[in-house]
Amino acid sequence: MNGGEPCWSCGDPARPSSTLNVRLRREEGGGPYLVVVTVAYRKARICVPLCARCKKAWRPALRSRMLAVWSLTLGLILGPSALVMGALTAWSEDSGTVFVIAVGVAVAIGGLAAAVGLPAYRAQNRHPQGLRHPHSHPDVVALTDSGFGMLN
């Protein structure tokens, strides 16, 4: 990008330092070898030209998407894991106190994940008015239509 391209979002001159790198990934073939299933990934990166103002305007929406995904995923993994570990420990130790503590930890983890993830999930849909989303760039759309998934 030489700086002569227009900003994808608003049409003003883009700046090379404000380029948004959109990372994508798609599962490729691969197959079962003995018992293990191997999966190969094909990665792609599209540089979407943006001006400094648009990159700053889009930053909260793009960051909130990743925050929502990570917090909700970790909450869905760690909360039930705490319950299972508490149940197994209580069963082997024959103590109800350990299970009550595990339930408290699971509820705390789930509550924290929801408290962080749900507002972030809602914020990702708040787009700056009058600007085109960087993920609507033709090169990004072509890859997502061919089976690639967004990483950021």
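So, how was this worked out
- Residues numbered from 1 in each chain as written.
- Predicted model: local features only at pLDDT ≥ 70, side-chain atom pairs only at ≥ 80, totals over all residues.
- Heavy atoms only, no water.
- Salt bridge = Lys/Arg side-chain N within 4 Å of Asp/Glu carboxyl O.
- Helix = DSSP H or I, 4+ residues; strand = E, 2+ residues; numbered from the N terminus.
- Phe/Tyr/Trp six-rings, centres within 6.5 Å; stacked < 30°, edge-to-face > 60°.
- Lys NZ or Arg CZ within 6 Å of the ring centre and 35° of its normal.
- pLDDT = per-residue confidence, 0-100.
- Core = buried A, V, L, I, M, F, W, Y, C linked by side-chain atoms within 4.5 Å.
- Buried < 20%, exposed > 50% of the residue type's maximum accessible area, 1.4 Å probe, protein only.
- Contact = heavy atoms within 4.5 Å.
- Pairing = 2+ DSSP bridges.
- Patch = residues over 30% accessible without salt bridge, like charges linked within 9 Å, V, L, I, M, F, W, Y side chains within 5 Å.
- Areas by Shrake-Rupley, 256 points an atom, 1.4 Å probe, with all protein chains shown as cover.

## What to know about the pattern of salt bridges
Okay, step 1: For the structure on display, the rule yields one salt bridge.
Okay, step 2: The salt bridge involving R53 is made with D12; its shortest N-O contact spans 3.6 Å. Of this pair, R53 sits in helix α1 (residues 52-93) while D12 sits in the segment before β1 (20-28); the two residues are 41 residues apart in sequence, bridging distant segments of the chain.

## Quick look at the packing of aromatic side chains
Okay, step 1: Tallied over the entire structure, the rule returns zero aromatic pairs.
Okay, step 2: Above the plane of the ring of W8 lies R132, whose end atom (NZ or CZ) is 3.6 Å from the centre.

## Describing the confidence of the model for the chain
Okay, step 1: In the predicted model, the chain carries a mean pLDDT of 80, and 83% of its residues have values of at least 70.
Okay, step 2: Confidence scores differ between elements of the chain, with strand β2 (residues 32-33) showing the lowest mean pLDDT of 58 and helix α3 (residues 138-145) the highest of 92.

## Description of the nonpolar core
Okay, step 1: Grouped together as the largest cluster of nonpolar side chains are 17 residues, with contacts concentrated most on L24, V48 and C54.
Okay, step 2: Ranked by the residues each element gives to this core, the list is headed by α1, at four residues.
Okay, step 3: Discounting residues that sit within four places of it in the chain, V48 has contacts with W8, T19, L20, V22, P134, H137 and V140.

## A closer look at the sheet that holds strand β5 (residues 149-150)
Okay, step 1: Reading across the sheet, the three strands line up as β4-β1-β5 and stay open at both edges, with antiparallel pairing between neighbours. Since the sheet does not close on itself, it has two edges, and those belong to β4 (40-48) and β5, each with one partner.
Okay, step 2: Here β1 pairs with β4 via nine bridges, running antiparallel. By the bridge assignment, E27 is partnered in β4 with Y41.

## What to know about a nonpolar patch on the surface
Okay, step 1: A cluster of nonpolar side chains, namely W70, L74, I77 and L78, defines an oily patch on the protein surface of about 410 Å² accessible area.
Okay, step 2: With respect to the helices and strands, the residue W70 is situated in helix α1.
Okay, step 3: Residue W70 is classed as exposed on the basis of its relative accessible area, which comes to 52%.

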